[in-house]
Amino acid sequence: MYKRILFATLILTTSIIYGQSGQFFDAPFGGGIGYVPAWYIPNVDPINAQLSQIGMPELSTSGFYSSGIAGFLYVGFVKNLRVGGMGYAGSISSAQTIDNVNREVVYSLGGGGLTLEYTLPFIKDIGVSVGAGIGSGNLELDIYRNSGEFTWEGTWEELSDPDIPSESYNRKLENSFWMITPTINLDYPIYRFISLRLGVGYQITFADEWTADNDKPVSGIPSDLNSNSFFIQSGIFVGFFSF
């Protein structure tokens, strides 16, 4: 979904740029698409409190690596304004095996949407842009406990006969949300067709709902377990850049 949003945005803004190309040379212009690795630092304390109680290693509170794609194009009818799209995903986990019993908790976070940024006109040769992303995302918590071996037949027997004891347990908790993400990005062209990025931002989420397994409602989720997160991002873009 996030890739489709990104490429649709790029196609739309490309047509605008070519239609307005004669007006660009007194402001930044061009655009590109690239790989955007980032480091997200969400609040995982509510999860760590539960892991600590059952004796499992805690999730790192210093954050985790995510990867994604992003792109942008300057629109000619508003000087210094660029429009684009982005998408990202990353995860962190805690695992433990005791007496042949495997336990694991996987925290996954991803999202994407449209981006609007304004490049500061008084800074030359590099692009320093302030703006925000608007989109949606998903936080997923996968919880596993299992031992022994799995078979195709056994999988269906466990489903059909409630009297068959199962050594496996898994639960999937999902939190779907909308987000607004203020950002500051610095883009440095090392060549006319290649640009490097360094930026920071904060993901603000709202209208979030938690469900379990096959979209069943979940109650009692801690209020501070959400996808609000500070992040640091970098990136390498290919395209055409003139700041």
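Notes on the structure in this doc start here.

Reading the values: rules and limits
- Residues numbered from 1 in each chain as written.
- Predicted model: local features only at pLDDT ≥ 70, side-chain atom pairs only at ≥ 80, totals over all residues.
- Heavy atoms only, no water.
- Helix = DSSP H or I, 4+ residues; strand = E, 2+ residues; numbered from the N terminus.
- Buried < 20%, exposed > 50% of the residue type's maximum accessible area, 1.4 Å probe, protein only.
- Contact = heavy atoms within 4.5 Å.
- Areas by Shrake-Rupley, 256 points an atom, 1.4 Å probe, with all protein chains shown as cover.
- Polar contact = N/O pair within 3.5 Å; in protein donor to acceptor, adjacent residues only side chain to side chain.
- Salt bridge = Lys/Arg side-chain N within 4 Å of Asp/Glu carboxyl O.
- Core = buried A, V, L, I, M, F, W, Y, C linked by side-chain atoms within 4.5 Å.

Summing up its helical and strand segments, the protein has three helices and ten strands in all. Secondary structure elements in the protein, listed N-terminal to C-terminal, are α-β-β-α-β-β-β-β-α-β-β-β-β. When burial is assessed residue by residue, the protein has 42% of its 243 residues classed as buried. In the protein, the share of contacts with a sequence separation of at least 24, taken over all contacts with a separation of at least 6, comes to 74%. About 13300 Å² of surface is accessible on the protein, with carbon and sulfur atoms providing 61% of the total.

A separate point is the environment of Ser62. Mapped onto the elements of the fold, Ser62 is located in the loop between helix 2 (45-53) and strand 3 (64-74). Judged by relative accessible area, Ser62 falls into the partly exposed class, the value being 44%. The contact partners of Ser62, leaving out residues within four places of it in the chain, are Trp39 and Ile41. Among the polar contacts made by the side chain of Ser62, one reaches the side chain of Ser60 at a distance of 2.8 Å.

This next bit is on the pattern of salt bridges. Applying the stated criterion across every chain, the model contains five salt bridges. Note that Arg82 and Glu117 form a salt bridge whose closest N and O atoms lie 3.0 Å from each other. You can see Arg82 sitting in strand 4 (residues 81-98) and its partner Glu117 sitting in strand 5 (residues 101-119), a full 35 residues away along the chain. Glu117 carries the same exposure label as Arg82, and that label is buried. A salt bridge links Arg171 to Asp213; the shortest N-O distance between them is 2.6 Å. Linking Arg171 in strand 7 (residues 169-191) with Asp213 in the loop between strand 8 (194-212) and strand 9 (216-217), this pair joins segments that are 42 residues apart in sequence. Overlapping salt bridges bring together Arg82, Glu117, Asp187 and Arg197 as one network.

Grouped together as the largest cluster of nonpolar side chains are 22 residues, with contacts concentrated most on Tyr40, Ile47, Leu59, Tyr107 and Leu109. Among the secondary structure elements, those contributing two or more residues to this core are strand 2 (38-42), helix 2, strand 4, strand 5, strand 6 (127-146), strand 7 and strand 8. Leu109 has contacts with Tyr40, Phe64, Tyr88, Ala89, Gly90, Asn138, Leu139, Phe177, Gln203 and Ser227, leaving out every residue within four places of it along the chain. Core analysis: the second largest hydrophobic core is formed by seven residues, Val36, Phe72, Tyr74 and Phe237 among them.

Non-glycine residue Asn100 carries a positive phi angle of around 65°. The residue Asn100 is located in the loop between strand 4 and strand 5 in this model. By relative accessible area, Asn100 is classed as exposed at 52%. The backbone of Asp213 shows a phi angle near 50°, a positive value even though the residue is not glycine. What makes Asp213 partly exposed here is its relative accessible area of 30%.

All quantities given are derived from atomic positions and should not be read as evidence of function.
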